Number of protein chains: 6
Amino acid sequence: MAKKIVTFGEIMLRLAPDNYLRFNQVDHYEATFGGAEANVCVSLSNYGYDTSFISILPNNDIAQCAINTLRKFNVNTDNILRKGNRIGIYFCEKGASERPSKVIYDRKGSSISCAKLEDFDWDKIFDNASWFHLTGITPALGENLPNICMEALKKAKEKNINTSLDLNYRKKLWSKDEAKESITKLCPYIDILISNEEDAKDVFGIEAKDTNIDDGKINVEGYKEVAKELIEKYHFEKVAITLRESFSANDNAWSSVLYDNKNFYISKKYNMHIVDRVGGGDAFAAGLISGFLDELNMQDIIEFASASSCLKHSIQGDFNLVSKEEVQSLVKGNIRGRVQR
Amino acid sequence: MAKKIVTFGEIMLRLAPDNYLRFNQVDHYEATFGGAEANVCVSLSNYGYDTSFISILPNNDIAQCAINTLRKFNVNTDNILRKGNRIGIYFCEKGASERPSKVIYDRKGSSISCAKLEDFDWDKIFDNASWFHLTGITPALGENLPNICMEALKKAKEKNINTSLDLNYRKKLWSKDEAKESITKLCPYIDILISNEEDAKDVFGIEAKDTNIDDGKINVEGYKEVAKELIEKYHFEKVAITLRESFSANDNAWSSVLYDNKNFYISKKYNMHIVDRVGGGDAFAAGLISGFLDELNMQDIIEFASASSCLKHSIQGDFNLVSKEEVQSLVKGNIRGRVQR
Amino acid sequence: MAKKIVTFGEIMLRLAPDNYLRFNQVDHYEATFGGAEANVCVSLSNYGYDTSFISILPNNDIAQCAINTLRKFNVNTDNILRKGNRIGIYFCEKGASERPSKVIYDRKGSSISCAKLEDFDWDKIFDNASWFHLTGITPALGENLPNICMEALKKAKEKNINTSLDLNYRKKLWSKDEAKESITKLCPYIDILISNEEDAKDVFGIEAKDTNIDDGKINVEGYKEVAKELIEKYHFEKVAITLRESFSANDNAWSSVLYDNKNFYISKKYNMHIVDRVGGGDAFAAGLISGFLDELNMQDIIEFASASSCLKHSIQGDFNLVSKEEVQSLVKGNIRGRVQR
Amino acid sequence: MAKKIVTFGEIMLRLAPDNYLRFNQVDHYEATFGGAEANVCVSLSNYGYDTSFISILPNNDIAQCAINTLRKFNVNTDNILRKGNRIGIYFCEKGASERPSKVIYDRKGSSISCAKLEDFDWDKIFDNASWFHLTGITPALGENLPNICMEALKKAKEKNINTSLDLNYRKKLWSKDEAKESITKLCPYIDILISNEEDAKDVFGIEAKDTNIDDGKINVEGYKEVAKELIEKYHFEKVAITLRESFSANDNAWSSVLYDNKNFYISKKYNMHIVDRVGGGDAFAAGLISGFLDELNMQDIIEFASASSCLKHSIQGDFNLVSKEEVQSLVKGNIRGRVQR
Amino acid sequence: MAKKIVTFGEIMLRLAPDNYLRFNQVDHYEATFGGAEANVCVSLSNYGYDTSFISILPNNDIAQCAINTLRKFNVNTDNILRKGNRIGIYFCEKGASERPSKVIYDRKGSSISCAKLEDFDWDKIFDNASWFHLTGITPALGENLPNICMEALKKAKEKNINTSLDLNYRKKLWSKDEAKESITKLCPYIDILISNEEDAKDVFGIEAKDTNIDDGKINVEGYKEVAKELIEKYHFEKVAITLRESFSANDNAWSSVLYDNKNFYISKKYNMHIVDRVGGGDAFAAGLISGFLDELNMQDIIEFASASSCLKHSIQGDFNLVSKEEVQSLVKGNIRGRVQR
Amino acid sequence: MAKKIVTFGEIMLRLAPDNYLRFNQVDHYEATFGGAEANVCVSLSNYGYDTSFISILPNNDIAQCAINTLRKFNVNTDNILRKGNRIGIYFCEKGASERPSKVIYDRKGSSISCAKLEDFDWDKIFDNASWFHLTGITPALGENLPNICMEALKKAKEKNINTSLDLNYRKKLWSKDEAKESITKLCPYIDILISNEEDAKDVFGIEAKDTNIDDGKINVEGYKEVAKELIEKYHFEKVAITLRESFSANDNAWSSVLYDNKNFYISKKYNMHIVDRVGGGDAFAAGLISGFLDELNMQDIIEFASASSCLKHSIQGDFNLVSKEEVQSLVKGNIRGRVQR
């Protein structure tokens, strides 16, 4: 029987101008769906796992399209509650060269943001589950969400389910202080912590030395220290940090480190020509979870996670539409973009 | 100097699948803008008048696109306030044959819905204005809107500006009782009332005899009685009623009556093959206002208004993109769709 | 527990020029999926039933897209076998006015056409099933298909599952004689037979009097005789016949008759402005099955089936993407294409 | 050996908004090519004849696309001269319902408009030709065109080639007086004259009684008189007149009459739901020429020509992309838009 | 009150295949509008200035679309005269890798090319203006244009308005000798001269040493000499030169120098991955004018102008659709294409 | 009289998602046509030669579109036989960054694959021909194809026509052993052999030293040895080898070597930013043939062939749509992607 992963969060309608057009140039939007936790589900579903996405969506046709889309990629949607007023929306303008991408959120008042503690029966939700993943976005979505996340995590640990949290700090949802307070409370129930090159500083104030994000310069050694400090302070089992170097909106480098409280494992670095970078971190999380569930060794896990994320950057939309075989093939290094006939 | 019309209401992002596709068939939406009062402005601007649209929009790029679109059609946007959280959105699926069109509103919490009395300086807004038009949607948008509409109408009458109101009852915004209460209070300040074949019944409980809307059967005589009763009860100067006969989502007939408290004027009836029927009523209101401003005789006014609306049905999107000459040509009856080379 | 319908047949990639363009005008094809039995599944899934589609598809990405599309509409795909060389394809050019639609089949050598008796475990497939539906296309697909269909029908009857067959004669797949021979053998295991205005003549040589298909003239009385003769000869429980009157590629009338070996039930006739007529018969079959499963009375069943099919004609693609509520609303007759806000 | 038809005129870039959008709604134009004489060539090429299009086009990539398009439909382009400044352009907005289509010409200064007498070696051009067709547009294109047309017609008659002229009066190219003067001079060299319901009046002042074009009412009897008078005055061998009744931009009726100086032949009348009416007259001319070349009897000729034109109205763009078999099938009357599988 | 900039020139319809397709691959063109001086207006309008575009356009719908587009970006169009035959057109095929972009002009006989001296009332046009900008294209458009430009510049200097000229040599409009003669006469009235790496050589024969344009190699020192010589000979107040290094159609480097007759200021060099390079020089001119109007210091001016142009290269179409804040952010160097959420 | 090249092979319908989308993201496919030998024909036709493509296609509209497309590019299609069941299809998903492109063939049972010896009259086909080209794909298409190729080559040599073969090994069509056996038999009739960096190894087992294709590292010296060995063993007159270095799906380097049994000629190496790499080898073959037909010297031939192929990589679709002048301009090295106005 396939292992089952549960994620919990918001799935939004994503509206994006085609190609590199700006908002004020278009009279059509590409309409897809995405959101950090849903993205992780889809990616893991594509890797062959059973997945279940937990959320609340309104009872209208647009929300139904979101559910249909998840179903298309074989994500179980039976535990998505239908109530409330609206599905969250985000507008996404793709940057090019020196012009950065731009995201406009319109998620206030979405169904999930009005969630109540009694909306979720975690005992039932976690039936047969092997892993529970969420990100720092979920507790930021609404008043009751920190408590709901706490309850879910407690229940997960009670049932011996592995847990992971991707920090994913969003400054438009809450302040750094609010984030720190809420997430610190969740930490005791988290096995694997995932952060990018900025989040640990934003949420916990733990900063890598000799790194200037705006310059695109990344100092791996500094991030080893960050990982160490995170485990010392919050007692995670393992910490993974993704390291994006941004040369332009089109060209990034991507690598990652994994620290298991003993050794540091550093992945290969990929130079990526980007198709769509939104969801790149979620593909990393999915790759990491897949590696752990497959019980790979630490180095292989971090390589699989990095390759997973690298391939996502070549795919339009939030979802990471690659198979496990495609990731493995990149890890083995024998592809280089040659045509597969 | 051109006469200036002011309208007040909400402009929304309109997201629509192409052609006759259903929501769950598309991965792109046509993205245009519209809303009853903005539609009237654009139509009057195309007829050569100065127009000014009054609203509140958030300070983001999507709202800026709405403003740019109004500017494109030469509507003055200087008095659109920029604040609040979001621009209202509506999703619009076009019906075909026996399948009706479907509109999903996502306008809760829009910037205009949070308007306050002190947001508008009507004295300044009405500077040089000849006409003030609004619809029954505007007072339904939020808590303070009934009072704001009242203040605007009072100021308009104080400045001797003509006023018109299109009932436009929307059951998703308020109950019939709420609508009746609010709109009844505005009536003393309204010169011209516009209703469609259903609104007078929904808002005032005044119903045409021998008419079954769902059947598509319309009895003009019954609507004469409706117009009479409206003037008797609420003392409007004139009442115009549009009469849509719906044979299918593709084919409607369209005519209208005008009552000036003395005589009834009945327009020619058009059999329309519909491209987009949203905004058809707004094009009628714009045609009516244009007729009054041009001081046509009553019969010519109702003919111009009906032809204006008929042509709108041939145009995709909310906006009525025809010129006064095109409407006049249809009124004269010498076109019948022959190519104009 | 929802009732479960099983269908068995071929799902094809459907390639179609946009709008009314001809094949030699386009450099893009709309790429969707469809096939008579899959269409019935999707329609019943949209009406709220559990459905399972049985077929064979090759192990490539294009076939995976077909499966993803079925999943999107909540059709169970667990019993679709993956083997063989190719997915069938059909090219579909939409007619307009006096120009007929044109279908080019490219389904030779498809995976399902090479099916073997041992590929299917009907006992397992029919677990918990309430209904088994297939069409006259399936036995025509390949050498072993008549036997496979026979085995499936026998097993269905053994398990007390209702069975229905839509004649769906396709002259490019087999001759009339071949069809007659094969289908006659299946008849003893069929409860409900469905035919259109042409099939009964093509397959069984049973012809309605005073009807000229090419003229578009349909004589209902003649079809009563056809239904009667079908039951007399082949002992079906019930026979339903759909009656398409073709005025042009854009405009058809649609009605149907149901004969239960006692009385004739004739549905309302719909005048349809067509968006896409492919799949119209499959939507009728789905509506009929839904009516029987809901245990409606005979008149309500034939009305539901006709309205189901009528609405399909307003929808692009093979699939009937309407809900049970939408069909019921049309049956009640209170719609006429007015906007649903 | 296939019979060869030569036509002479202008081929233009046609820029058109998609669907029923107006010019000010689009940021993309459909870019195809067309022009009366080129349209006749393509249609005849599709009917299986050898065709040769004579024109002048500039030496740039856009003109090369025009030539490639003609080649695609197997029209010989070897005698298209490459010189001059530009290819003519026309903008075409499709009407709907009561809104007429709109054509904006931008053909001033096009290469063909600057043609000189010495640019064409008609002796060589007409090698092996059976038919020469031109329209009243060609002599209107530029200063030297009347003389060039005259020389071509003289040479054609000298070589015993059949000639036909479609009046095609374009008021934006020349006045009625200019047209009358120029075309009257060409008449002695014309065997078959083709006119629509308006042209004979515009060019020769010969008007049908009891017909009001703007009303859409056509009186066939009146057009018999027109045909008679045309032959009496100008001594054509035969006259064909097309009769368009315009109910709306979407719906027209189409029929035609042929007079051979003895009898009148009246075609079946088609009620057409229009996809694109531009080029409808050219498809009629092509059908007529095909009928004469195939030596059909007079009634069959006018039926083939009318059916040819009827089918063109179902096709997007200037070109009539149907086969001779498709026209014959419509003439036989056994189609009515049923799917051809 | 915002400062007002006036520009004078031609706005054209720009027809372009999508993406990297060649002319002979497409049946649709992207239809936008552009032209050097209009581009400068739109860019400055986006930077918050009042702008007014002066031109002549025909009285048809396509020209109206050009005006609507300018209005959309808040450019004042009140002084655009409507007369003449046609709007200029240019076809634009985007290059890729080693394949260069290709521009085909079809602007002969455009309305502006037939301009007469009396068409413009410069006194009224320059009312309240702070800056007048034109390019070397405008005097090349037609017979009377050199005199009109001269008159405009004289009036501008008379009214103490700053003037700038971008050389913009177009070999398809006039010869180098004609350009030199005409532009030399305008020089006494020009404050700021703008040239790219090629124009000074083409127009004035002043060439940078050690630079081979075709190789993509640029020697900044050589351009200092060019700037010096330009001021010595023609007495401009300041000279700005843009330096494009072309590695491929997709990748260019961009920098610029400014000489104020005392010091040289050299901007940062940007390595750009290009979306659309047309209009890059115009965005530079707009940035330069903005810098001067904001009274920045010389180094900040040349940095703002270069960053303005760099960002334009990331935007499809002629127009530079970025805000002043976005340019300033790039100048500060803290972006590198990271997502702005 | 222009020299005439004959090629023989399969032309397929190519279905491709737009841009970089994956198969499961799209509901539209770009529909073009291509195939190695047809690609060579189109490229040579664009270089100004007479070309004739020999194949078999079914008698349906889709195959007719393939023929129309060839005609559009002036390829003679008179010797394409129409019979059999289907046109071959291939699905093509474009890779990006580290994600490779993916090709799915659906060519089994295509008309050409069922070709018989008597289908071709090579004596007639080769009338006036100067060159005969085919690739290793053609003999792999079906049972009789090796013999047909043999007969064609023998006839070509008999008529003193130059012959070339591009190895083009396709592992999905046959095994390496089958390929070796079949192609070895054809070798005596081949003048010019063309191979890419992999084919010589796959077909003949002749491998370059110190080269790792998967790494993207190419050792030119090793390929000299390969060329030498090929001529020694199989007695070709000349051998050309293309050398693709694959850095990513977006970025490749391209160069080539030519060995004339005396000297080695190595082309310039191009760093390409890829639009579409399918057909790159065919453009090389076309360039090579063009160089030989133009009797260039060896170095110029290999430079022309490499530049031809380099430019193809900038063009969407299989076909190389550039002119001889454009290739020559790149060979001269004076372009670098600057706009050609």
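In short, a report on the structure.

Rules behind the numbers
- Residues numbered from 1 in each chain as written.
- Chains lettered and ligands numbered in written order.
- Predicted model: local features only at pLDDT ≥ 70, side-chain atom pairs only at ≥ 80, totals over all residues.
- Heavy atoms only, no water.
- Least-squares fit on C-alpha atoms with pLDDT ≥ 70 in both.
- Contact = heavy atoms within 4.5 Å.
- Phe/Tyr/Trp six-rings, centres within 6.5 Å; stacked < 30°, edge-to-face > 60°.
- Buried < 20%, exposed > 50% of the residue type's maximum accessible area, 1.4 Å probe, protein only.
- Lys NZ or Arg CZ within 6 Å of the ring centre and 35° of its normal.
- Buried area = accessible area lost by both parts, 1.4 Å probe.
- Salt bridge = Lys/Arg side-chain N within 4 Å of Asp/Glu carboxyl O.
- Polar contact = N/O pair within 3.5 Å; in protein donor to acceptor, adjacent residues only side chain to side chain.
- Nonpolar A, V, L, I, M, F, W, Y, C, P; charged D, E, K, R; others polar.
- Pairing = 2+ DSSP bridges.
- Helix = DSSP H or I, 4+ residues; strand = E, 2+ residues; numbered from the N terminus.
- Axes fitted to C-alpha atoms, helices over the stretch in contact; angles between N-to-C directions.
- Parallel < 35°, antiparallel > 145°, perpendicular 65-115°, else oblique.
- Left-handed = near helix turned anticlockwise from the far one by under 90°.

### So, the relation of the copies chain D and chain F
Then step 1. Relative to chain F, chain D is turned by 180 degrees and slid 0.0 Å along the rotation axis, the superposed coordinates differing by an RMSD of 0.0 Å. Taken together, these values place the two copies in the relation of a two-fold axis. Considering only C-alpha atoms, the part of chain D nearest the rotation axis is K72 of chain D, at 2.1 Å.
Then step 2. Residue by residue, 100% of the interface of chain D is reproduced at the interface of chain F, so both copies engage with the same surface.

### A short note on the packing of aromatic side chains
Then step 1. Under the counting rule described, the total for this entry stands at 90 aromatic pairs over all chains.
Then step 2. Plain terms: the ring middles of F120 of chain B and W122 of chain B are 5.3 Å apart, the flat faces sit at 20 degrees to each other, and that makes the pair stacked.
Then step 3. W122 of chain B gets classed as buried once you look at its relative accessible area, which sits at 3%.
Then step 4. Each member of the aromatic cluster is reached from another via a ring pair, and the members are F8, F120, W122, F126 and F132 of chain A.
Then step 5. When the ring centre of Y20 of chain A is taken as origin, the NZ or CZ atom of K94 of chain A, which lies over that ring, is 5.9 Å away.

### As for the interface of chain D and chain F
Then step 1. Residue-level contacts link five residues of chain D with five residues of chain F.
Then step 2. Between chain D and chain F lies a buried interface of about 550 Å² when both sides are counted; carbon and sulfur atoms form 48% of it.
Then step 3. If you sort the residues of chain D by the area they bury against chain F, N68, R71 and K72 of chain D come out on top, with a joint share of 80%.
Then step 4. Counting across the chain D and chain F interface gives zero salt bridges.
Then step 5. Counting every contact that joins chain D to chain F gives two residue pairs in polar contact (both at pLDDT 80 or more).
Then step 6. Its residues placed into classes, the side of chain D that touches chain F shows one nonpolar, two polar and two charged.

### As for the sheet that holds strand β2 (residues 12-16) of chain B
Strand-to-strand pairing in sheets goes through backbone hydrogen bonds, with the strands running parallel or antiparallel.
Then step 1. The strand order across the open sheet built from eight strands is β7(A)-β6(A)-β2(A)-β3(A)-β3(B)-β2(B)-β6(B)-β7(B), with neighbouring strands paired in mixed fashion. The open sheet has two edge strands, β7 (102-106) of chain A together with β7 (102-106) of chain B, and neither has a second partner. Ignoring strand direction, the axes of neighbouring strands in this sheet form an average angle of 30 degrees.
Then step 2. Here β2 of chain B pairs with strand β6 (residues 89-93) of chain B via three bridges, running parallel. When the bridges of β6 of chain B are listed, L13 of chain B appears paired with I89 of chain B.
Then step 3. Packed on one face of the sheet, helix α2 (residues 61-72) of chain B meets β3 (28-34), β6 (89-93) and β7 of chain A together with β2 and β3 (28-34) of chain B and runs near 60 degrees to β3 of chain B.

### Side note on the packing of helix α2 (residues 61-72) of chain D against helix α2 (residues 61-72) of chain F
Then step 1. Interaxial distance between α2 of chain D and α2 of chain F falls to 7 Å at its minimum, and their mutual angle equals 140 degrees. The orientation of α2 of chain D relative to α2 of chain F falls into the category oblique. For α2 of chain D against α2 of chain F, the interelement crossing comes out right-handed. On α2 of chain F, the residues that touch N68, R71 and K72 of chain D of α2 of chain D are N68, R71 and K72 of chain F.
Then step 2. Among the residues forming the contact of α2 of chain D with α2 of chain F, the class breakdown is no nonpolar, two polar and four charged.

### Things to note about the interface of chain A and chain F
Then step 1. The interface of chain A with chain F comprises 26 residues on the first partner and 32 residues on the second.
Then step 2. Both sides of the chain A and chain F interface together cover about 2600 Å² of buried area, and 48% of this is carbon and sulfur.
Then step 3. At the surface where chain A touches chain F, the tally comes to one salt bridge.
Then step 4. Across the pair E326 of chain A and R22 of chain F runs a salt bridge whose closest N-O atoms are separated by 2.7 Å.
Then step 5. One can count six residue pairs in polar contact (both at pLDDT 80 or more) joining chain A with chain F.
Then step 6. Taken together, the elements giving at least two residues each to the side of chain A that touches chain F come down to β14 (270-273), α9 (298-312) and α10 (324-332) of chain A.
Then step 7. At four residues, the largest contribution of residues to the side of chain A that touches chain F is made by β14 of chain A.

### Some remarks on the relation of the copies chain A and chain F
Then step 1. In screw terms, the move from chain A to chain F is a rotation of 120 degrees and a rise of 0.0 Å along the axis, fitting with an RMSD of 0.0 Å. Viewed as a symmetry operation, the transformation between the two copies matches a three-fold axis. Minimal C-alpha distance to the rotation axis in chain A is attained by N19 of chain A, lying at 5.1 Å.
Then step 2. Both copies present different contact surfaces, since only 8% of the interface residues of chain A are interface residues in chain F too.

### Section: the side chain of T7 of chain B
Residue and element names in this part refer to chain B.
Then step 1. Its location among the elements puts T7 in strand β1 (residues 4-8).
Then step 2. Within the local environment of T7, its side chain forms a polar contact with the backbone oxygen of E37, the two atoms lying 3.0 Å apart.
Then step 3. Residues within four places of T7 in sequence aside, it is in contact with E37, A38, V40, C41, S52, F53, I54, F132 and H133.

### As for the pattern of salt bridges
Then step 1. Throughout the structure, instances matching the rule amount to 137 salt bridges over all chains.
Then step 2. Across the salt bridge formed by K3 of chain A and E295 of chain A, the nearest N and O atoms sit 4.0 Å from each other. Taken together, the positions of K3 of chain A in the segment before β1 (4-8) and E295 of chain A in the loop between α8 (280-293) and α9 put the pair 292 residues apart, joining distant regions of the chain.
Then step 3. Overall, K3 of chain A belongs to the partly exposed group, its relative accessible area being 33%.
Then step 4. Residue classification places E295 of chain A among the exposed positions, given a relative accessible area of 66%.
Then step 5. As a salt-bridge pair, E237 of chain C and K238 of chain C come within 3.1 Å of each other at their nearest N and O atoms.
Then step 6. By relative accessible area, E237 of chain C is classed as partly exposed at 42%.
Then step 7. According to the relative accessible area criterion, K238 of chain C is buried, its value standing at 13%.

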